[in-house]
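# Overview (structure and organization)
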Protein chains: 4
Amino acid sequence: MVFIMNPDVTREQINTFISGWENKGFSTILSVGTEHTAVCLIGNTAAVDLDHVVQTSGVVLYGKRITERYKAVNRVVHEDNTIVRTGDICIGEGYFTVIAGPCSVESEDQIIQIAKSVKTSGARILRGGAFKPRTSPYDFQGKKAEGLEMLSAAKKETGLPIVTEIMNQTQIDLFEDVDIVQVGARNMQNFDLLKALGSLKKPVLLKRGPANTIDELLMSAEYIVSSGNDNVILCERGIRSFETMTRNTLDLSAVVLLKQKSHLPVIADPSHASGIRSLVPPLAKAILAVGADGLMVEAHNNPAAALCDGAQSLDLDQFDTLMRDLKNRAQTEGKII
Amino acid sequence: MVFIMNPDVTREQINTFISGWENKGFSTILSVGTEHTAVCLIGNTAAVDLDHVVQTSGVVLYGKRITERYKAVNRVVHEDNTIVRTGDICIGEGYFTVIAGPCSVESEDQIIQIAKSVKTSGARILRGGAFKPRTSPYDFQGKKAEGLEMLSAAKKETGLPIVTEIMNQTQIDLFEDVDIVQVGARNMQNFDLLKALGSLKKPVLLKRGPANTIDELLMSAEYIVSSGNDNVILCERGIRSFETMTRNTLDLSAVVLLKQKSHLPVIADPSHASGIRSLVPPLAKAILAVGADGLMVEAHNNPAAALCDGAQSLDLDQFDTLMRDLKNRAQTEGKII
Amino acid sequence: MVFIMNPDVTREQINTFISGWENKGFSTILSVGTEHTAVCLIGNTAAVDLDHVVQTSGVVLYGKRITERYKAVNRVVHEDNTIVRTGDICIGEGYFTVIAGPCSVESEDQIIQIAKSVKTSGARILRGGAFKPRTSPYDFQGKKAEGLEMLSAAKKETGLPIVTEIMNQTQIDLFEDVDIVQVGARNMQNFDLLKALGSLKKPVLLKRGPANTIDELLMSAEYIVSSGNDNVILCERGIRSFETMTRNTLDLSAVVLLKQKSHLPVIADPSHASGIRSLVPPLAKAILAVGADGLMVEAHNNPAAALCDGAQSLDLDQFDTLMRDLKNRAQTEGKII
Amino acid sequence: MVFIMNPDVTREQINTFISGWENKGFSTILSVGTEHTAVCLIGNTAAVDLDHVVQTSGVVLYGKRITERYKAVNRVVHEDNTIVRTGDICIGEGYFTVIAGPCSVESEDQIIQIAKSVKTSGARILRGGAFKPRTSPYDFQGKKAEGLEMLSAAKKETGLPIVTEIMNQTQIDLFEDVDIVQVGARNMQNFDLLKALGSLKKPVLLKRGPANTIDELLMSAEYIVSSGNDNVILCERGIRSFETMTRNTLDLSAVVLLKQKSHLPVIADPSHASGIRSLVPPLAKAILAVGADGLMVEAHNNPAAALCDGAQSLDLDQFDTLMRDLKNRAQTEGKII
């Protein structure tokens, strides 16, 4: 149940209104937008007489019941598009923000070389895996803490903010210099990790699990936002279907639906979705055209020698070519790339 | 195994070459392109010494083994993009051809009104179901033969070629005035129907089954083309996955892969893929951006009263708005809409 | 909406009751069971006042609304288990009927040899494909009409009734000597075929499509039964999932649910479900234990040389061993094998 | 690559053999079986001349290359069936061990009442969730540490060993009195957790993720076993498919394949697989018949009032009835229940 507050209501009146509900055992979510302020009740609202509240509270413009299980991330509660910021980089309405870099950080030289190149091409954020979740214990598991230091070096050198994957909440302290913390697809329902990230202030990039529904992704985002951190970026990266020619099946309908149902920014990752280099540029164009707020793409200085996911990585020239194309298209869409 | 013939070879020499193989029990596919002519052998080619043939035949430039099970639809055999034509309408390289119309033909007035409107908006081909495959025997099964006559009336009135679904091969004679015969998703592996359509000369629009792989779609096209009809248009229309928020999951990677692996034109249907009206325009833009050769979209004069699939149909104004947007975008892509 | 008739009602009264509804534009299904007789209304029953009918008709014991879209196959309409009979062979309650034979009929000698052997082992019905739907046009397509004659010869020799797949309704006349007509998984939603089979009196074995839901299977059965033929056997044969180690994923929950929701007999096919010979015996035991009414299994005199599906076929000794095991187990279940 | 050692080889010789490989940079897995002892090499074995090693080492009987990516859990490396023990309870070859209890521990009284009852019915191990991973942050999250104490009380009262789910590796110390640590389906690829559990000596029950392949499940088990803990029990609990009538699709073929490919015991969970109480008994019978080593089933003193998963829980009478049936069947299978 969400109450849209009268436009002239004071912060003190809102606090009183909220306390009243919390005293009755409800949790609340306060959402301050440009158009209006909303207070969302969490708990057993079946017995609440909505009309009575609107008529008697004196501070409420109107109210409505929320049928979805997600509240804090629901567009009904928060009508404006959320723009997530890291430094002066924006992700959300009006922007098409490109995140690029290698699957894994392999050496300081490598990550700096890639960072410089993708920055010149137009990427705004640098990606690179330090802790790598791998199906086999015998596969390369990432450079770990050392990899984080290499990313910091690349950030220092280029000024690009960095995003990298966290594997569990005991690593949070290590991620101090990381600008955006990525929750990988396999961890989308690692609820203890989500709660821990809810107490951070920095942005979280939450990838959809390959077998998770759109609703489940929104519920996982709800874990983070309801724990106090509303800087969440959703990322579609392909779902598991019966088709074996691609690594996963990119679900672009999900991008549209996520943006309809939630105020959070939504990006997509054509590299993991397809697993095939030649599919990345056409899918990237489709991701822009369908209305996503950005792109996460793997780019590598030498894909053939990559320690991980070489087959789906663009080389730096291919990435540059793609970015030239995307810049023209973003202009048509009225978006800043 | 495919042999690329010498550029100066005569048709008579090719015929002799082909007869030689057919006398040894092979079937052959002859593919005449702008760059070269190819002869493809079907049968147990394991024992054929490819190098020996190239060295001794005197008419062969080079040969290669084909690892895929599809031959006639394989880009290895036929390097040029096939452009399928109906009247002066083209589907394929250089075009983005829009097919529009209602799910079902409901009356002559209805289909003529819609045909005029979508033509004005820029559609090149009229769709409309006469025979409707329905999950329930108690649902509306289409206007059947009468529906075909209504389509013919709309064609006569507007000049738009018509495409409609055939449900089995006994109906072929009824489809004489139909310009493009559609094989619906549920019939993608109705092999007797595919073979029968292989003996026609008119184009066939072959929809991917919701649980069929890309390879299986190409094999079904192979049934038609190897039976003598190479006017086949492939159509991606969403696959069945665990996600229930959409009717199906549109697989845009399939569009790219189909165009890489085959020379046939590929279109996509965002209406059946999503089942949700508000998803159709953004998906249509993504379909254009990813490189498809066209679009099949449901448009209805009164979606709320449609006998079938109203929830996914655009109304005629919405269709017009979409077409204005697509025309601008097609120009950027260098395509004729 | 279904009406359960008073126990002492006459056939004439029932006919009058039915005519009354048909005059108002409803279709009806009459279901005569051992406990009671039911009349089911098809059509827009929303405006029918159920209580009023019960109170005023004088022939109705009670009525209820049916929420499912399937009516004639619904256990609500027909509480008794249907037992399908061919000659003196029963499929349904109290029996565990085994259907065995090769994927494809290859020669008269082959099919007679297999028929004799599987009969001795305890199979009650002989299977064998004559018309073979194959993904590739270049694969063996079956012996066709000649294959049907070979099956007839085997039937004559052994007395075993025969089941074989029909590919389209133009073949019905060819199937005169076939005891049970099989609708293959790819044809589960070939509605014209289903309707045509509804006008036959002989049993139809309807296989679940690999990507069709339980509800859709029941709706396809409804096409046949509502067209007049209630001798339908449902067959679970594996669904398409992301798992690639097996050909399909056998869904045994479907067997239980189908028997709960419908009165029709339900069997399962572990050969097509798994695609792996060594999985067939354990899955067959599970199929019996879960409550299925029978088994359809591929058995071949020489699986290594089979023209089709050799990898999933038991040889005749393996089939005999399996049957000895199943006979003991059927006794525990209180079922006749 | 695995080497089967000569039967008369001494432990000292084996150690020397192993050290030789480790000095060359390989990891090794030592597997001591009743029939033979095996040494498995992990690393880049492509350059190892297998025949040369067999001929020259003096301690090797024969060797073979392992094509699968899993080694320590591979039946090729360890031919005997592993029997996992907790106290005097066995899980594996010759046993059909039933684990029962509520989805969530709700109170000490509740868990003790259930424990006593399921023990009397024949369950050997008590299950009960203390930390509950829930899709929604607003759903009951379990009694947590307090729930573990309630489980301990029930264990003390009944002598039943207890199994409960761990959500991350920081909880390991809390699990001291827990006999079997469960890794839930959502955590199957939480690799840091798997590695941490590899350093324990107590059994781990590893549930298959709803969208994970059989191969991926074996690779996750490999994480635990290769980290030093070979007490792993695999559990099939249903996969995510397009079918929505059940919560998941129970994949019994997986049980058979897991037992063929690995030496680890395999059980199945019909409660989570189906989500429907009436499906649990027939599926439990099928699980026994297909060859599983045990069953994990939800039983509750009052399912209608359960805080979690009531719809799929048997009540204590239903559980007792099921156990009577299973005991008869286990006798037929030659298994101790």
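Residues numbered from 1 in each chain as written. Chains lettered and ligands numbered in written order. Predicted model: local features only at pLDDT ≥ 70, side-chain atom pairs only at ≥ 80, totals over all residues. Heavy atoms only, no water.

## Looking at the pairing of strand β11 (residues 204-207) of chain A
Residue and element names in this part refer to chain A. Here is the rule we go by: Burial status follows relative accessibility: with a 1.4 Å probe on protein chains alone, a residue under 20% of its type maximum counts as buried, one over 50% as exposed, and anything between as partly exposed. Where helices and strands are cited, they refer to DSSP runs of H or I of at least four residues and of E of at least two residues respectively, numbered from the N terminus. Strands are labelled as partners when DSSP assigns at least two bridges between them. A right-handed crossover is one whose linking path, passing over the helix from the first strand to the second, runs clockwise when the strands point away from the viewer.
Side-chain alternation along β11 places Val204 and Leu206 on one buried face and Leu205 and Lys207 on a second face that is also buried. As paired strands, strand β10 (residues 180-183) and β11 are joined by three bridges and run parallel to one another. The residue bridging Val183 from the neighbouring strand is Leu206, located in β11. You can see the chain leave β10, run along helix α5 (residues 191-198) and come back into β11, and the turn it takes is right-handed. Bridging between β11 and strand β12 (residues 232-236) involves four bridges; their strand directions are parallel. Following the sheet pairing, Val204 is matched in β12 by Val232.

## Quick look at the relation of the copies chain C and chain A
The condition is simple: Superposition of the copies used a least-squares fit over C-alpha atoms from residues whose pLDDT is at least 70 in both. Should any heavy atoms of two residues lie within 4.5 Å, those residues are counted as being in contact.
Superposing chain C onto chain A requires a rotation of 180° together with a translation of 0.0 Å along the rotation axis, leaving an RMSD of 0.0 Å. Both chain copies can therefore be described as sitting about a two-fold axis. For chain C, the smallest separation between a C-alpha atom and the rotation axis is recorded for Phe242 of chain C, amounting to 2.3 Å. Interface overlap between copies is the fraction of interface residues in one copy that are interface residues in the other; for chain C against chain A it reaches 100%, indicating a shared surface.

## Let's talk about the environment of Leu234 of chain A
Residues and elements named next belong to chain A. Relative to the helices and strands, Leu234 resides in strand β12. Its relative accessible area of 0% is what places Leu234 among the buried residues. With 26 residues separating them along the chain, Leu234 and Arg208 place their C-alpha atoms 7.4 Å apart. Not counting residues up to four positions away in its chain, the partners in contact with Leu234 are Leu206, Leu217, Leu218, Ala221, Leu258, Leu264, Pro265, Val266 and Ile267.

## Describing the sheet that holds strand β2 (residues 27-32) of chain A
Residues and elements named next belong to chain A. Selection criterion: With axes taken as lines fitted to C-alpha atoms, and helix axes fitted only over the stretch in contact, angles between N-to-C directions fall between 0 and 180 degrees.
What the four strands build is an open sheet, ordered β2-β3-β1-β4; its pairing is antiparallel. Strands at the two margins of the open sheet, each flanked by one partner only, are β2 and β4 (60-64). Within the sheet, the average angular offset between the axes of one strand and its neighbour, ignoring direction, is 20°. Pairing of strand β1 (residues 2-5) with strand β3 (residues 37-42), which is carried by three bridges, proceeds in the antiparallel orientation.

## Here we look at the interface of chain C and chain A
Rules: A quick way to say it: buried area is the sum, across both parts, of accessible area lost when two parts are put together, with a 1.4 Å probe. Any carboxyl oxygen of Asp or Glu that lies within 4 Å of a side-chain nitrogen of Lys or Arg is treated as forming a salt bridge with it. Under this definition, polar contacts are N or O atom pairs within 3.5 Å; protein pairs additionally need one hydrogen-donor-capable and one acceptor-capable atom, and for neighbouring residues in sequence, both atoms have to be side-chain atoms. Any residue that is not Ala, Val, Leu, Ile, Met, Phe, Trp, Tyr, Cys, Pro, Asp, Glu, Lys or Arg is counted as polar, Gly included; the first ten are nonpolar and the last four charged.
Listed per partner, the contact involves four residues of chain C and four residues of chain A. Taking both partners together, chain C and chain A bury about 290 Å²; carbon and sulfur atoms supply 82% of that area. Counting the surface chain C buries against chain A, the share from its top three residues, Arg240, Phe242 and Thr244 of chain C, is 90%. Inspection of the chain C/chain A interface yields zero salt bridges. In this structure, the connection of chain C to chain A is made through zero residue pairs in polar contact (both at pLDDT 80 or more). Here the residues of the side of chain C that touches chain A sort into one nonpolar, two polar and one charged.

## Some details on the interface of chain B and chain A
In this complex, chain B contributes 34 residues to the contact, which on the side of chain A involves 34 residues. Taking both sides of the interface into account, the surface hidden between chain B and chain A amounts to around 2,800 Å²; carbon and sulfur atoms contribute 69%. Glu333 of chain A serves as the salt-bridge partner of Arg329 of chain B, at 2.7 Å between the closest nitrogen and oxygen. Where chain B meets chain A, there are eight residue pairs in polar contact (both at pLDDT 80 or more). Among the secondary structure elements, those contributing two or more residues to the side of chain B that touches chain A are α6 (214-226), α7 (252-261), α9 (280-290) and α10 (316-333) of chain B.

## Considering helix α1 (residues 11-23) of chain D
Note the following rule: A helix's residues, less one, multiplied by 1.5 Å, set its expected span.
The end-to-end C-alpha distance of α1 of chain D is 18 Å, a good match for the 18 Å that 13 residues give at a rise of 1.5 Å each. Close packing links the buried residues of α1 of chain D with β1 (2-5), β2 (27-32), β3 (37-42), α2 (50-57) and β4 (60-64) of chain D.

## Points about the environment of Ser241 of chain D
Residue placement: Ser241 of chain D occurs in the loop between β12 (232-236) and α7 (252-261). In this structure, the C-alpha to C-alpha distance between Ser241 of chain D and Glu176 of chain D, residues 65 residues apart in sequence, is 37 Å. The contacts of Ser241 of chain D, once residues within four sequence positions are left out, are Phe242 of chain B, Ile239 of chain C together with Thr249 of chain D. A polar atom in the side chain of Ser241 of chain D sits 3.1 Å from the backbone nitrogen of Glu243 of chain D. Within the local environment of Ser241 of chain D, its side chain forms a polar contact with the side chain of Thr249 of chain D, the two groups lying 2.8 Å apart.

## Remarks on the packing of helix α5 (residues 191-198) of chain B against α6 of chain B
Residue and element names in this part refer to chain B. Counted only if it meets this: The scheme is simple: roughly parallel for angles under 35 degrees, roughly antiparallel for over 145, roughly perpendicular for 65 to 115, oblique for anything else.
Axis separation between α5 and α6 bottoms out at 6 Å; the angle between their running directions is 40°. The angle between the axes of α5 and α6 places the two elements in the oblique class. Residues Phe191, Leu194, Lys195, Leu197 and Gly198 of α5 lie in contact with α6, whose contacting residues are Ser220, Tyr223 and Ile224. Looking at the contact of α5 with α6 residue by residue, the classes come out as five nonpolar, two polar and one charged.

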